[in-house]
Structure formats: C-alpha cells, structure tokens
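Chain by chain, the residues run as shown.
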Amino acid sequence: MVGGRLAQKTEELRLPTLWPATPMWENYSEGWRFSGEYTFARFFGNTLLMEAGNVIGGVLTAALVAYGFGRLNFKLRGLWFSIMLLTMMLPGQVTVVPQYILFNHFGFVDSYVPLVLPHFLGGGAFFIFLLVQFIRGIPRDLDEAAKIDGASVYGIFLRIIFPLLKPALVTVAIFTFIWSWDDFFAQVLYISSIDKFTVGLALRMFIDQFEIQWGQLLAMSLLSIVPSVVIFLLAQKHFVEGIATTGLKG
Amino acid sequence: MRHGVMTVAKPDAAKRPGRKRRGTGDANWAGYLFISPWLLGFFLLTLWPIAQSFYLSFTEYSLLDQPKWIGTDNFAKIFGNDPLFAKSLGVTFMFVLVSVPLKLLFSLLVAMALNQSLRGMDIYRTAIYFPSLIGGSIAVAALWRNMFGLDGYVNQVLAWFGIQGVGWISNPDTALGTLILLNTWQFGSTMVIFLAGLKQIPQELYESAAVDGARPLRKFLHITLPMLSPVMFFNLVLGIIGSFQMFTSAFIITKGGPINSTYMYALFLYEKAFKHYQMGYASALAWILLVIVAALTAINFFVSRYWVFYESDGGKVK
C-alpha cells in the first residue's frame, strides 16, 4: 500500500505495482498543490473548521440533554426518551430530502450550517444515550450533597456532572470527529463550491478525473487519514474501554 | 447516524421507581430546558421532515416551483413502471442478506479472539480496531478501488499463484461481492459492542462449566451464545437498518455499475432527488424504504422472543 503512494509517474500509466521501482515524493507535493488555486491546506483547514464546530456542539449539547434525561424528573420523560431511542432506527434517507429543502429555503446550502447544526441539537441520539448510561453510574449522593450545600440543578450539572462526564465526553468527541470526517453523504449533498471543499470532496475530484492520478490520489488519501489516526492514538484507551464501560450497563 | 447503541431499547428505561418529584413546576421547567436542544432538533430535523416527506411523496416537486399534488402517481409509477426500483431493491436485499450475517459472524470471531487476556492485548485491539474504523472513509474507498482493479494489488498477488484475476469492480458478477467485502471489513463498532458484551458474561459460568467437564464448543453454544444474544439482536437490528442505507462505497467505487449490479437503493434515491431533482418521487422512495425497514425491524422484534435470552427474566428464554 505504501508502494502506491510513492509510485513512479511512468508506472501510473498502468496501476502502481506493489513496490515502486523509484519512490517519487512529488506525488505528495503535486497532490497537495491540487488545482493550483486551492491546495490541500485549504481543504484540511475547511474540514478542521467544520470538525471544531461538530465536536464542540456535540459534546456540549449531548451532555446537557443527557443530564436532563439521566437526572431530572419531568412530565413525559419516559415517552421522550423512548422516542429518542426510536429515532436511532430511522433510516436517514427518509428525512434527507425535506432537510435539504429546509436548508435550501433558508439559503444554507453550500455552507457548513447543514453539517454543523445537527451537532448543536443534541449531537445525535447515540451519544445522548451513551452519556445517559454514564450519568446513571455516577452516585446520586454527590448530587444530594451538593444540593444540601445549596446548589441548584444547574450548579450540580456544571460543578458535579459535567466534570465527572469527562471520560465519556472524550469518547463522544472522538467518535464525532472521526464519523464527521467520514460523513461523505452530507458533504457531497451540501457543499458544492470548491473553496468550501472538505478533504473527502477534494479526494473525490481526483477519482472523477478522466485519467486518475493514482499516485497523487493515494498520497493524499494517506494524508487524509492522519488526523483520525492521531486522534485515535491519543485517546485509544478511552475509545475501546470507554465505550465498553459506558455502553452496556442497564 | 451510522452506528448504534449497545443495548436494546427499553421504553421505560428512564423511569426510576422511588424518586417521584415529577409534576412540580420548577423541575419540569429545568428538565425541558436541558433537553431542549434535542427537542428542537427532533421537531426541526426529524418529525417535520418525516411529515413533509410523506406529503411530498404525493406530489411532483423539482425545488424550483411549488409542489404539485398528483395523488398516488409516484407510487403507481414506482411499482408499475420503474425497472430501476426493482433492480435497486433486489441489489440492496442481496447486499443486506449476505453482508449482515457475514459481518456479525466476523465481528463475533474477532471479538472473541480479542477477549483473551494476553499480554499486550491493548495493542492488538488498537491494531485491529483502527483499520475498520476508517473503513468508511473516502480514502479507503479510493484505495479499495485501486486494489480490486484489473491491474490492482489483489490480482498481482493472485498472479504469484498463477491465478488470472478478473476486474473485480468492473465485472458485474463480482462487483457486489467486492462491496460486501468492504462493508464486512468495517466491522469495528459491531465488534466493540460484541467485545463489551463478552466482558459482561460472568466468569463463574465458564468456571462451573469447566468443573462439569464442558468442552470449548459446548461452552460457546450453551454460555456465550445465549448470554450474548441481546447484544447479537441489537447488532442485527442496527446492522440491517444500516445496510439498507449503504451509500458511500457504491457511490465512490462503482457508481452503481457495472450494468447496475451495485445500484443500491440509497444511491437510486440520491440520484432521483439530487441529480434529477425529482423530490416527490424520491420522497415516495424514502417512504417505501421506511416501511420496509420498519416491517423488518418489527419482524425481528417478534422473532427475537424465540431466541434472545434475557438474564433478568430468571433464565428462561423470553
């Protein structure tokens, strides 16, 4: 696989062989330069900007909603919780056309709003559920003690629950990052101008060219997974263990 | 939403006996305040779109002018006179039928292998989990397309053994199989859910079985499988729902071809809506998909009573 990324250009007339005769680092520099007007620096910047919004939105709002479901009592809580779980089973295709029409109506097509906004609205049922399970494992004595000290429900959230949620929130952040990096459907649907392209969309342009520059394509493909690799390695402990301890209780 | 949670939905899971303070105005207000982001998202991006898509399925709508009511014409055309509908549904059913069991089996085997306590298991776990984690990315789809091309790596390796490979992606007989393989390779989240399930099986069960002289296969059949069945059920339900929506690899690697042999339903729907701008027609397709998926899920839940084992029911198969 490494071979493909270094493959000599002449070999690209055919597909690269398993190991290149002469490594060619130009595939990286030429691939990076892309069309001349926009380089991959732009596409990485765009994607990371979108990711920053997604991760912040997902972590904050999923924690808020999970606290509501996990700790507070209100009318119809059970009903709303079941509805939330049911939405996980809804095929996304059912809502995609009207969502597109809605975003189009407000002029948000070809912007990052349709990609980022959903993350600010609870971050997805899966994450809320994950956090609710985690919150249920936090001893209620902590809440009670804080309450005696005069903390309100908001204070308990800010000073007790949110800090204790940290390991689970790391899991949420990583999942959000990697999944939105790979969420090609939404990107191809909503982003059309090249200056707003994400890394994934730029890679697709390589593929759709008449004559595919395999060397450059594979070089950039390799670079495109670097952020996910880094994020994953930084927090791999949380990733597998975190989900194993939060997910399956109750 | 691409991956699911770890446990079967329990409608009353949120109710906790004992603490009854609900109904007091303040607590109500705070509760709704905290869940308001999700509520807003639910109404704006889920409920309203579902209703809207139901309405649109009875209209002709191109985004440019107003939706025009045409009754059940869309459905009549889909069922009566659209070979692509039948084709894409057939391809998708085939895909689901093969890839879901394959992925379940494969992720269960990997999870069981990773559940051994060996030194350095964390590293193996990472090494195995990571590739599948990025499996959905476009970079991997590009690589896959390269690997399985006529001159790709797969055929180069086969050539060492004197086997003349085919163009796996350009051949209508093998293209769908190649996509199924790619999908199976993205076993990471399914595997982690199995792994978490395996870790929850009490070790005493295995120990007492060992005392009784049970062999590994017997332990697997009589302890692991029943104890794991709720997790298996969960993975099955979400696996089916997810597979019906398979899009990226069909879109990137094969574009539905050759000769529509990988023309997945999600791709069909996407092209109707965003290539031909037939929003009404696409909405009708979406609702047909919803009904199919809902029916399959309902059947799954019904059948699950005969094979899913819940420990809390006192040990009988519910």
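Residues numbered from 1 in each chain as written. Chains lettered and ligands numbered in written order. Predicted model: local features only at pLDDT ≥ 70, side-chain atom pairs only at ≥ 80, totals over all residues. Heavy atoms only, no water.

Digging into the overall build of chain A
- The number of helices and strands found in chain A is 15 helices and zero strands.
- Of all 250 residues assigned to chain A, the portion counted as buried reaches 60%.
- Expressed as a percentage of contacts within chain A between residues at least 6 apart in sequence, the contacts between residues at least 24 apart total 71%.
- Of the roughly 9,900 Å² of accessible surface on chain A, 68% is carried by carbon and sulfur atoms. (Helix = DSSP H or I, 4+ residues; strand = E, 2+ residues; numbered from the N terminus. Buried < 20%, exposed > 50% of the residue type's maximum accessible area, 1.4 Å probe, protein only. Contact = heavy atoms within 4.5 Å. Areas by Shrake-Rupley, 256 points an atom, 1.4 Å probe, with all protein chains shown as cover.)

Looking at the overall build of chain B
- When helices and strands are counted, chain B shows 13 helices and two strands.
- In chain B, buried positions account for 53% of the 318 residues.
- For chain B, contacts bridging at least 24 residues in sequence account for 66% of all contacts bridging at least 6.
- Carbon together with sulfur atoms contributes 65% to the accessible area of chain B, which is approximately 15,400 Å² in total.

Considering the pattern of salt bridges
Residue and element names in this part refer to chain A.
- Counted according to the given criterion, the structure contains four salt bridges over all chains.
- Here Asp-195 ties to Arg-42 by a salt bridge, and the two come within 3.9 Å at their closest N and O atoms. Placement of Asp-195 in the loop between α11 (184–190) and α12 (199–208) and of Arg-42 in helix α3 (residues 40–71) is noted, with a sequence separation of 153 residues between them.
- The class for Asp-195 is partly exposed, based on a relative accessible area of 23%.
- Arg-42 gets classed as partly exposed once you look at its relative accessible area, which sits at 37%.
- One salt bridge in this structure joins Lys-196 and Asp-110, with 3.6 Å as the shortest N-O distance. (Salt bridge = Lys/Arg side-chain N within 4 Å of Asp/Glu carboxyl O.)

Digging into the packing of α3(A) against helix α10 (residues 166–182) of chain A
Residues and elements named next belong to chain A.
- The interhelical angle for the contact between α3 and α10, taken along N-to-C directions, is 145 degrees, at an axis separation of 9 Å. Here the hand of the crossing between α3 and α10 comes out right-handed. In this structure, α3 uses Phe-44, Thr-47, Leu-48, Met-50, Glu-51, Asn-54, Val-55, Gly-58, Val-59 and Ala-63 to contact α10, whose residues at the interface are Leu-169, Val-172, Ala-173, Thr-176, Phe-177, Ser-180 and Trp-181.
- Here the contact of α3 with α10 is composed, by residue class, of eleven nonpolar, five polar and one charged. (Axes fitted to C-alpha atoms, helices over the stretch in contact; angles between N-to-C directions. Left-handed = near helix turned anticlockwise from the far one by under 90°. Nonpolar A, V, L, I, M, F, W, Y, C, P; charged D, E, K, R; others polar.)

A short note on the UniProt feature "transmembrane region" (unreviewed entry) in chain B
All names here are of chain B.
- UniProt records the feature "transmembrane region" (unreviewed entry) at residues 29–51, 91–114, 126–144, 175–198, 219–241, 247–270 and 282–303, using the numbering of this structure.
- Between the C-alpha atoms that bound residues 91–114 there is a distance of 34 Å. The span itself is 100% helix and 0% strand.
- Here residues 247–270 runs as 54% helix and 0% strand, with 9 Å between its end C-alpha atoms. (UniProt positions renumbered as here; feature names shortened; annotations may be inferred.)

A look at the nonpolar core
- In this structure, A:Phe40 and A:Phe69 are the most contacted members of the largest nonpolar core, which totals 176 residues.
- Beyond its immediate chain neighbours, meaning those up to four positions away, A:Phe69 contacts A:Phe74, A:Arg77, A:Trp80, A:Phe81, A:Met84, A:Ile128, A:Val132, B:Ile35 and B:Trp38. (Core = buried A, V, L, I, M, F, W, Y, C linked by side-chain atoms within 4.5 Å.)

Let's talk about the environment of A:Gln187
Residues and elements named next belong to chain A.
- Within the secondary structure, Gln-187 sits in helix α11.
- Residue class for Gln-187 comes out buried when judged on its relative accessible area of 2%.
- In the structure, Gln-187 is positioned twelve residues away from Val-199 in sequence and 9.9 Å away in space, judged by C-alpha atoms.
- If we ignore the near neighbours within four places in the chain, the residues touching Gln-187 are Met-50, Leu-115, Ser-180, Trp-181, Thr-198, Gly-200 and Leu-201.

Some points on the packing of aromatic side chains
Residues and elements named next belong to chain B.
- All told, the structure shown has 52 aromatic pairs over all chains when counted by the stated rule.
- Summarising the aromatic geometry, the rings of Phe-93 and Phe-244 are spaced 5.5 Å apart at their centres and angled 90 degrees between planes, so their arrangement reads as edge-to-face. Of this pair, Phe-93 sits in helix α3 (residues 83–114) while Phe-244 sits in the loop between α10 (216–243) and α11 (248–254), and the two are 151 residues apart along the sequence.
- Judged by its relative accessible area of 1%, Phe-244 falls in the buried class.
- Here Tyr-265 and Phe-268 contribute two aromatic rings whose centre-to-centre distance is 6.4 Å and whose plane-to-plane angle is 75 degrees, an arrangement assigned as edge-to-face. (Phe/Tyr/Trp six-rings, centres within 6.5 Å; stacked < 30°, edge-to-face > 60°.)

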